[in-house]
Amino acid sequence: MNNKFKPALLGGGALGLLLVITVLISSFVPFIGCCNCLWPIAAGVLATMFYVKEPPTPATIADGAIVGALGGVVGGLIYLVIGLPLSILINGVAAMDAQVRQMSPDFPIGGMVLLLVGGVIGFVIFVVLATVGGVIGIPIFEKRKVTIDTPPPPQDFGSGPGGTYGTGL
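### Details of the overall build of the chain
- Along the backbone of the chain there are five helices and zero strands.
- Secondary structure elements in the chain, listed N-terminal to C-terminal, are α-α-α-α-α.
- Across the chain, every contact between residues at least 6 apart in sequence was considered, and the portion connecting residues at least 24 apart equals 81%.
- Working note: accessible area of the chain is about 10500 Å², and carbon and sulfur atoms make up 73% of it.

This is the structure we're talking about:
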């Protein structure tokens, strides 16, 4: 088995760093949060780029999906451990809860529970998007051709009397 964890760590680390930077900048530039859907795709492509350089055999789409998903898990964990607490410290739970109550006053959950559920949902979305990025990265970076070894035809293929088809026997 090829080593998929090193490229996943590099791509996932980049993803986690970008997500944390986005959290820090989001209080100054509100629309920067839109990049949170682009970072995982870019991280999956980046992890695939690092992976394609390593193995001696050509990488497949499944390899790209696995490396991208692993990168999404690493980046999502970094976000959950560092980014989510930073977001709570910077924005505060009360301000986020007030925004939710403004949109839907009867929303059943609020406060810290809402942030944790949102963090877990974000984690799943990061993994899915990084997997898509890994699948996208394989056709971009894998230039080696996959050779399929076909077995040779049988020795007596096309020779011999041909059987009794059509002779009425």
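### Points about the state of the cysteines
- By the definition in use, this model includes zero disulfides.
- Considering cysteine sulfurs only, Cys-35 is the nearest to Cys-34, which forms no disulfide, with 7.0 Å between them.
- Exposure remark for Cys-34: the relative accessible area of 58% places this residue in the exposed category.
- Taking relative accessible area as the criterion, Cys-35 reaches 18% and is therefore assigned buried.

### Things to note about the environment of Val-100
- On the secondary structure map, Val-100 appears in helix H4 (residues 93–103).
- Counting along the chain gives ten residues from Val-100 to Gly-110, while the straight-line C-alpha distance between them is 7.7 Å.
- Apart from residues no more than four positions distant in its own chain, Val-100 is found in contact with Phe-107 and Leu-114.

### As for the nonpolar core
- Counting residues in each nonpolar core, the largest one holds seven residues, listed as Leu-15, Leu-19, Val-23, Ala-43, Tyr-79, Leu-84 and Phe-126.
- Secondary structure elements with two or more residues in this core: helix H1 (5–25) and helix H3 (61–91).
- Per-element tally for this core: the top contributor is H1, with three residues.
- Each residue touching Leu-15, except ones within four places of it in the same chain, is listed here: Trp-39, Pro-40, Ala-43, Gly-71, Gly-72, Gly-75 and Gly-76.
- Of all hydrophobic cores here, the second largest spans six residues; its members include Ala-47, Tyr-51, Val-52 and Ile-138.

### Quick word on a nonpolar patch on the surface
- Taken together, the side chains of Leu-17, Ile-21, Leu-24, Ile-25, Leu-89 and Ile-90 define a hydrophobic patch exposed on the protein surface, amounting to about 530 Å² of accessible area.
- At the level of secondary structure, the elements contributing two or more residues to the nonpolar patch comprise H1 and H3.
- Looking at which element gives the most residues to the nonpolar patch, the answer is H1, with four residues.
- The residue Ile-21 is located in helix H1 in this model.
- Residue class for Ile-21 comes out partly exposed when judged on its relative accessible area of 36%.

### A short note on the packing of H3 against helix H5 (residues 111–141)
- Packing of H3 against H5 leaves a shortest axis separation of 7 Å and a crossing angle of 150°. Taken as axis vectors, H3 and H5 run roughly antiparallel relative to one another. For H3 against H5, the interelement crossing comes out right-handed.
- Residue classes in the contact of H3 with H5 are distributed as 20 nonpolar, seven polar and no charged.

### Here's the deal with the packing of aromatic side chains
- Overall, the coordinates contain one aromatic pair when judged by the stated rule.
- Each ring, one from Tyr-79 and one from Phe-126, has its centre 5.5 Å from the other, and the planes form 90°; the classification is edge-to-face. In this pair, Tyr-79 sits in helix H3 while Phe-126 sits in helix H5, placing the two residues 47 residues apart along the sequence.

### Comments concerning the side chain of Lys-4
- Structurally, the position occupied by Lys-4 is in the segment before H1.
- Judged by relative accessible area, which is 11%, Lys-4 ranks as buried.
- For Lys-4, the contacting residues outside a window of four places in its chain are Tyr-51, Asp-63, Ile-66, Val-67 and Leu-70.

Conventions used here
Residue numbers here run from 1 along each chain, matching the order of that chain's written sequence. Given that this is a predicted model, residues contribute local features only at a pLDDT of at least 70 and side-chain atom pairs are listed and counted only at 80 or more, while totals for whole chains, interfaces and linings are drawn from all residues. Side-chain figures throughout are based on the complete set of non-hydrogen atoms in the structure, without hydrogens or water. Only DSSP runs of H or I with at least four residues qualify as helices, and only runs of E with at least two residues qualify as strands; both kinds are numbered from the N terminus onward. Residues count as neighbours in contact if any of their non-hydrogen atoms are within 4.5 Å of one another. Only the protein chains shown count as covering a residue, and every accessible area follows the Shrake-Rupley method with a 1.4 Å probe. For this text, the term disulfide refers to a pair of cysteine sulfurs within 2.5 Å. Throughout this description, buried means an accessible area under 20% of the type-specific maximum (1.4 Å probe, protein chains only), exposed means over 50%, and partly exposed covers the range between. The set of buried Ala, Val, Leu, Ile, Met, Phe, Trp, Tyr and Cys residues whose side-chain atoms join them within 4.5 Å is what this entry labels a nonpolar core. In this analysis, a patch consists of residues with relative accessible area above 30% that form no salt bridge, clustered at 9 Å for like charges and at 5 Å for the nonpolar side chains Val, Leu, Ile, Met, Phe, Trp and Tyr. We count a salt bridge whenever a side-chain nitrogen from Lys or Arg sits within 4 Å of a carboxyl oxygen from Asp or Glu. Axis lines are fitted to C-alpha atoms, over the contacting stretch for helices. Their N-to-C directions set the angle, which ranges from 0 to 180 degrees. Relative orientations are named as follows: roughly parallel for angles under 35 degrees, roughly antiparallel for angles over 145 degrees, roughly perpendicular for angles from 65 to 115 degrees, and oblique for any other angle. Two helices cross in a left-handed way if the nearer one is turned anticlockwise from the farther one by less than a right angle. They cross in a right-handed way if the turn is clockwise. Following the grouping adopted for this structure description, the nonpolar residues are Ala, Val, Leu, Ile, Met, Phe, Trp, Tyr, Cys and Pro, the charged ones are Asp, Glu, Lys and Arg, and the polar ones are all others, Gly among them. Stacked, edge-to-face and tilted labels apply to pairs of Phe, Tyr and Trp rings (six-membered ring for Trp) whose centres lie within 6.5 Å, assigned for plane angles under 30 degrees, over 60, and everything in between, in that order.

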